[in-house]
Amino acid sequence: MTGFGGLLAEAESLDDGLALTVPETWHQGRTAYGGFSSALALAAACKGGGDGLPPLRSAQMAMMAPVNGRVEARARIERAGRNATWVAAEIHGEKGLAFSASFVFMGAVDSGLHINDRPVPEGLVGCDAAREVSYTRHTPAFLANNFETRHALPPRDGKRPEMCRWVRATERRGLDAMVEMLLVGDALPPGVMPMLNAVVPVSTMHWQVNLLTPAPTTQDGWWLLRTVGDYAEQGCSSQRMAIWNTQGEPVMAGMQSIAIFG
């Protein structure tokens, strides 16, 4: 089975991006998994930005329509400043625009401000001691075929709008570190999922992330992901998201808007 890095290597090169056919093994329902689309858009942005791009520091992704079949990911530089570069990317399918993203790449700047208030969740089970998550016939294709997951918190009484798991891509060869962050970063179900009936459809509308390090690293590809739903009303849910490495260092923070159809 071809991993994401292999798909990028085999993709058709375009003047301003790349084109490929989304394998069904990367589907989430009738569309590509959101992390797949986000990582594909970033790969196009990196290609369009050239070798001189500084590290990725922030991204905004809008999931507007199904991403499936043959798709083209194209990018353009919106502005290249002294310290930061803004790149816009879009993914088009047979029916037109399906996904858009805005990326900010920025180099390090001298600063006397130092804040780090993102501790790992209390009661965390270390990756080596964590038990595997059992996949079923209801598990989305992208997750069952491309990721390993482990429970990161012990069982708790009552249902909570929270998901916390160790996650790793089963095939990481050829992946840029930042592309891997977006590919892995959306792998958890919405934080409110434990509060819902399993058959209730959900869909991500918008995802924003901030990268907290210019060079994310971890042990054996494992990342700690947490999503916490902090609002749900009239079919819309807002959730906070975070990723740490195996050393407990925060590497990404984010927010997501989820549509809930039931």
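Residues numbered from 1 in each chain as written. Predicted model: local features only at pLDDT ≥ 70, side-chain atom pairs only at ≥ 80, totals over all residues. Heavy atoms only, no water.

## Focus: the sheet that holds strand 11 (residues 202-211)
The sheet built from 12 strands is open, its strands ordered 1-2-6-7-8-5-11-14-13-12-10-9 with antiparallel pairing. Edge strands, defined here as strands with exactly one partner in the open sheet, are strand 1 (12-14) and strand 9 (147-151). Going across the sheet, the axis of each strand differs from the next one's by a mean of 20°, ignoring polarity. Inspection of the sheet shows strand 13 (residues 236-244) paired to strand 14 (residues 250-260) by nine bridges, in the antiparallel sense. The residue bridging I243 from the neighbouring strand is M252, located in strand 14. Docked against the sheet, helix 2 (residues 34-49) engages strand 1, strand 2 (17-21), strand 5 (56-63), strand 6 (70-80), strand 7 (84-93), strand 8 (96-106) and strand 11, running at close to 60° with respect to strand 8. (Pairing = 2+ DSSP bridges. Helix = DSSP H or I, 4+ residues; strand = E, 2+ residues; numbered from the N terminus. Axes fitted to C-alpha atoms, helices over the stretch in contact; angles between N-to-C directions. Contact = heavy atoms within 4.5 Å.)

## Some details on the packing of aromatic side chains
Counted under the stated rule, the structure contains nine aromatic pairs. Between F4 and W26 the ring centres are 6.1 Å apart and the planes differ by 75°, which places this aromatic pair in the edge-to-face class. Taken as a pair, F4 in helix 1 (residues 4-10) and W26 in the loop between strand 2 and strand 3 (27-28) lie far apart in primary sequence, 22 residues in all. Taken as a pair, F4 and W26 share a single burial class, namely buried. Pairing F142 with F147 gives two aromatic rings, centres 6.1 Å apart and planes at 75°, and the pair type is edge-to-face. For F142, a relative accessible area of 2% puts it in the buried group. F147 sits in the buried class, given a relative accessible area of 2%. A connected cluster of aromatic rings, assembled from ring pairs, spans F4, W26, Y33, F36, F142 and F147. (Phe/Tyr/Trp six-rings, centres within 6.5 Å; stacked < 30°, edge-to-face > 60°. Buried < 20%, exposed > 50% of the residue type's maximum accessible area, 1.4 Å probe, protein only.)

## Examining the packing of helix 2 against helix 4 (residues 177-185)
Contact pair helix 2 / helix 4: the axes reach a minimum separation of 7 Å and the direction vectors enclose 160°. Classified by the angle their axes make, helix 2 and helix 4 are roughly antiparallel. Note on packing geometry: the crossing formed by helix 2 with helix 4 is right-handed. Here G35, F36, S38, A39, L42 and A43 of helix 2 lie close against helix 4, whose contacting residues are M178, V179, L182 and L183. (Parallel < 35°, antiparallel > 145°, perpendicular 65-115°, else oblique. Left-handed = near helix turned anticlockwise from the far one by under 90°.)

## Notes on the nonpolar core
Core analysis: the largest hydrophobic core is formed by 58 residues, its most contacted members being W26, F36, M61, F103 and F147. A total of eight residues in this core trace back to one element, the largest contributor, which is helix 2. Core analysis: the second largest hydrophobic core is formed by 10 residues, C127, A152, C164 and W244 among them. (Core = buried A, V, L, I, M, F, W, Y, C linked by side-chain atoms within 4.5 Å.)

None of this, on its own, says anything about what the molecule does.
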